[in-house]
Protein chains: 2
Amino acid sequence: MVGVRWASVQGMVILVQAPAAVPARHPGRKRVTSQTELEQAAFGLFAAHGFEQTTVDEIAAAAGIGRRTFFRYFPSKNDIPWGAFELELERMRVRLKACPREVPLMDAIRLALIDFNRVSPAQVPLHRRRMELILRVPALLAHSTLRFTAWRQVIAEFVAQRSGRRPDELAPQVIAHAVLGVAVAAYEHWLDHPAADLGALLDDGMRQLDAAFSGSLR
Amino acid sequence: MVGVRWASVQGMVILVQAPAAVPARHPGRKRVTSQTELEQAAFGLFAAHGFEQTTVDEIAAAAGIGRRTFFRYFPSKNDIPWGAFELELERMRVRLKACPREVPLMDAIRLALIDFNRVSPAQVPLHRRRMELILRVPALLAHSTLRFTAWRQVIAEFVAQRSGRRPDELAPQVIAHAVLGVAVAAYEHWLDHPAADLGALLDDGMRQLDAAFSGSLR
DNA sequence: AGCGTAACGGCACTAGGTGCCGGAATCAAG
DNA sequence: CTTGATTCCGGCACCTAGTGCCGTTACGCT
């Protein structure tokens, strides 16, 4: 039901806290709901009345919990659409680290980018709703900046490791910003063109950027 | 005193409204302060207690106006550090449009980027405080997203015009995101290394990105 | 002086977010 | 079964940003 496997993860549990499925013998009262349940309740309300018109009170009421409790599951209303982002991010970090050094830097990044954003067909509608909220609701787009920083850091660390620099140097940061830019631009396009293939857009985006610098774009 | 010359500007007055200096025969009560004055009062408080610890009431009190009036000068507390950004942006738009077609696309952008971010030595300290707030205070960094969108749009429109595409196509958007990324990364570096030259960092950033795609970075 | 106009600013209200604290649920041990 | 430690729930009070409303104030012009 809860469906989040996380046995292998140890640290890095920032957003996703213990789901109720784990039978572990914890003392104390059981959690009455989960992030996933709250997310579903919230998404329903967002779809019906829009993000801004939906108050936290309404979400809490719809989920049958107190307003105060809501803020124990999500640090803010803006965090609702992000799901298990930190987990996904960790996945990308591992994937990049596992990439053989024979693969050229930008190829490695391009492939990881595509892989990171692959979703099973069954989850596409949910993913689309998520991204629609994140990229189209001004307050959420603004909030996303903070998540994007963590995302970029993963790229920057990979570039740094590969090129013998420190992650905070200019080159890794610039590349990380650029790659994130490709991702966001591809998503924007994907939202506007539902028939488009996200992976292809990401691939294309990276190649367009390449082309721009190679001078083939005038 | 007010010091904002704007006689030559006509449209595009979004943030900067009529300063009291213009003698124009407007009926009605005169404005009692200006964005610049409020900005100064606010910056003082920010430096003393930090952005988040400073309330709008305190800023208003320091400037000798009512809290309600503050919100007639700035749409939100988050907008304080942005100064005449819209005006600057318009300057960049004009500058790009004036660039001869002989100049290759990415060179034109690189030069405009450097030019856009040139500040006179006397204004460097203020500019640094501005950017420190915008890029280091989480709430302001988040808010900046909205301004950055407008900034990217200027780049995207230029690329589109040059390459015979529409601004919302993938290539212009990707390039715009990447260039903004260079700018932000350069500013981050500049904030960490006060001795560095911002123009050089921007130039370097663009070239690093170029190098990454040319495969010279491994 | 009087009139139209526009800015001021108080008041009340909404909404997100937080600290505090008593109460309820759960598990383990006696 | 009772007790106690632990953990979660959720009400309450409070803070802050931001907005609509509206009476008041200051200004320019006639």
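Residues numbered from 1 in each chain as written. Chains lettered and ligands numbered in written order. Predicted model: local features only at pLDDT ≥ 70, side-chain atom pairs only at ≥ 80, totals over all residues. Heavy atoms only, no water.

### Overview of the relation of the copies chain A and chain B
Thought 1: Screw-axis analysis of chain A against chain B gives a translation of 0.0 Å along the axis, an RMSD of 0.1 Å, and a rotation angle of 180 degrees. Look at the turn and shift together and you get a two-fold axis relating the two.
Thought 2: Most of the interface of chain A is mirrored in chain B, where 100% of its interface residues are also at the interface. (Least-squares fit on C-alpha atoms with pLDDT ≥ 70 in both. Contact = heavy atoms within 4.5 Å.)

### Remarks on the protein's contact with DNA strand D
Thought 1: A:R72, A:Y73, B:R67, B:R68 and B:K77 are the nearest of the 26 residues found near DNA strand D.
Thought 2: Expressed as a percentage, the sugar and phosphate content of the atoms of DNA strand D within 4 Å of the protein is 58%.
Thought 3: The separation between a base oxygen of DNA strand D and a polar main-chain atom of B:G28 is 3.4 Å.
Thought 4: Contact distances for DNA strand D include 3.2 Å between a base oxygen and a side-chain N or O atom of B:R29.
Thought 5: At the level of elements, helix 3 (67-73) of chain A together with helix 3 (67-73) of chain B are the ones that each hand at least two residues to the surface near DNA strand D.
Thought 6: Here the surface near DNA strand D gets four residues from one element, more than from any other, and that element is helix 3 of chain A.
Thought 7: Taken together, the residues of the surface near DNA strand D sort by class into seven nonpolar, eight polar and eleven charged. (Near = heavy atom within 4 Å. Polar contact = N/O pair within 3.5 Å; in protein donor to acceptor, adjacent residues only side chain to side chain. Helix = DSSP H or I, 4+ residues; strand = E, 2+ residues; numbered from the N terminus. Nonpolar A, V, L, I, M, F, W, Y, C, P; charged D, E, K, R; others polar.)

### A look at the interface of chain A and chain B
Thought 1: Facing the 39 residues of chain A at the interface are 39 residues of chain B.
Thought 2: Both sides together, the interface formed by chain A and chain B hides about 3300 Å², and carbon and sulfur atoms give 74% of it.
Thought 3: The interface formed by chain A and chain B contains zero salt bridges.
Thought 4: The interface formed by chain A and chain B includes one residue pair in polar contact (both at pLDDT 80 or more).
Thought 5: A total of 13 residues in the side of chain A that touches chain B trace back to one element, the largest contributor, which is helix 8 (residues 170-192) of chain A.
Thought 6: Looking at the side of chain A that touches chain B, its residues break down into 22 nonpolar, ten polar and seven charged. (Buried area = accessible area lost by both parts, 1.4 Å probe. Salt bridge = Lys/Arg side-chain N within 4 Å of Asp/Glu carboxyl O.)

### Some remarks on the nonpolar core
Thought 1: In terms of nonpolar packing, the biggest core is built from 94 residues, with A:I109, A:W151, B:I109 and B:W151 touching the most fellow members.
Thought 2: If near-sequence neighbours (up to four positions away) are discounted, B:W151 is found in contact with B:F85, B:L89, B:M92, B:L113, B:F116, B:A176, B:V179 and B:L180. (Core = buried A, V, L, I, M, F, W, Y, C linked by side-chain atoms within 4.5 Å. Buried < 20%, exposed > 50% of the residue type's maximum accessible area, 1.4 Å probe, protein only.)

### Description of the domain arrangement of chain A
By convention, interface size is frequently given as the accessible area that disappears when the constituent parts associate.
Residue and element names in this part refer to chain A.
Thought 1: Parsing chain A into structural domains produces domain 1 (19-80) and domain 2 (83-213).
Thought 2: Placing the centre of domain 1 and that of domain 2 at their C-alpha centroids yields a distance of 28 Å.
Thought 3: Between domain 1 and domain 2, the residue contacts involve nine residues of the former and eleven residues of the latter.
Thought 4: The largest share of the area that domain 1 buries against domain 2 comes from F43, F51 and N78, three residues that together contribute 53% of it.
Thought 5: On inspection of domain 1 and its partner domain 2, the count reaches two salt bridges.
Thought 6: Notably, a salt bridge pairs E39 with R130, separated by 3.1 Å at the nearest N-O pair. (Domains from an automatic or database assignment.)

### Some thoughts on the packing of aromatic side chains
Any pair of aromatic rings gets described here by the distance separating the centres and the angle formed by the planes.
Residues and elements named next belong to chain A.
Thought 1: The final tally for this structure, using the stated rule, is 17 aromatic pairs over all chains.
Thought 2: Ring geometry for W82 versus F148: centroids 6.0 Å apart, planes at 80 degrees, classification edge-to-face. In this pair, W82 is assigned in the loop between helix 3 and helix 4 (85-97) and F148 in helix 7 (residues 138-163), connecting sequence segments 66 residues apart. Comparing W82 with F148, the two get one shared label, buried.
Thought 3: An aromatic cluster of three or more residues is present, and its members are F43, F46 and F51.
Thought 4: For the cation-ring pair, R31 lies above Y73, with the distance from its terminal atom to the ring centre recorded as 4.5 Å.
Thought 5: Stacked on the ring of W190, the Lys or Arg R128 has its end atom at 4.1 Å from the ring centre. (Phe/Tyr/Trp six-rings, centres within 6.5 Å; stacked < 30°, edge-to-face > 60°. Lys NZ or Arg CZ within 6 Å of the ring centre and 35° of its normal.)

### A few points about the environment of B:D197
Residue and element names in this part refer to chain B.
Thought 1: Examined against the element boundaries, D197 turns out to sit in the loop between helix 8 (170-192) and helix 9 (198-214).
Thought 2: With relative accessibility at 52%, the residue D197 sits in the exposed group.
Thought 3: A distance of 3.0 Å separates a polar atom in the side chain of D197 from the backbone nitrogen of A200.

### Let's talk about the environment of B:G83
Thought 1: Relative to the helices and strands, B:G83 is located in the loop between helix 3 and helix 4 (85-97).
Thought 2: Put simply, B:G83 and B:Q35 are 48 residues apart on the chain and 7.7 Å apart in space, counted from C-alpha to C-alpha.

### Some thoughts on helix 9 (residues 198-214) of chain A
Thought 1: Taking 1.5 Å as the rise per residue, helix 9 of chain A with 17 residues should run 24 Å; its terminal C-alpha atoms sit 24 Å apart, in good agreement.
Thought 2: Looking at helix 9 of chain A, one finds that the buried residues are A:L198, A:L201, A:L202, A:D203, A:G205, A:M206, A:Q208, A:L209, A:A211, A:A212 and A:F213.
Thought 3: In the core, the buried residues of helix 9 of chain A are packed alongside helix 5 (105-116) and helix 8 of chain A together with helix 5 (105-116), helix 8 and helix 9 of chain B. (Expected span 1.5 Å × (residues − 1).)

### A word on the pattern of salt bridges
Thought 1: For the structure on display, the rule yields 26 salt bridges over all chains.
Thought 2: Through salt bridges with shared partners, a single network forms among A:D107, A:R110, A:D203 and A:R207.

### Points about the packing of helix 7 of chain A against helix 8 of chain A
All names here are of chain A.
Thought 1: Closest axis-to-axis distance for the helix 7/helix 8 pair is 8 Å, and the angle between their directions is 130 degrees. As far as their axial angle goes, helix 8 and helix 7 are oblique. Where helix 7 crosses over helix 8, the two elements pack in a sense that is right-handed. Packed against helix 7, whose contacting residues are F148, W151, R152, Q153, I155, A156, V159 and A160, the element helix 8 presents P172, Q173, I175, A176, H177, V179, L180 and V184 at the interface.
Thought 2: Considered class by class, the residues forming the contact of helix 7 with helix 8 number twelve nonpolar, three polar and one charged. (Axes fitted to C-alpha atoms, helices over the stretch in contact; angles between N-to-C directions. Parallel < 35°, antiparallel > 145°, perpendicular 65-115°, else oblique. Left-handed = near helix turned anticlockwise from the far one by under 90°.)

### As for the protein's contact with DNA strand C
Thought 1: Contacts to DNA strand C come from 26 residues, most closely from A:R67, A:R68, A:K77, B:R72 and B:Y73.
Thought 2: The contact atoms of DNA strand C, taken as those within 4 Å of the protein, divide so that sugar and phosphate hold 54%.
Thought 3: At 3.3 Å from a base nitrogen of DNA strand C is found a side-chain nitrogen or oxygen belonging to A:R29.
Thought 4: Contacts to DNA strand C include B:G28, whose backbone N or O atom sits 3.3 Å from a base oxygen.
Thought 5: When grouped by side-chain class, the residues that make up the surface near DNA strand C number seven nonpolar, eight polar and eleven charged.

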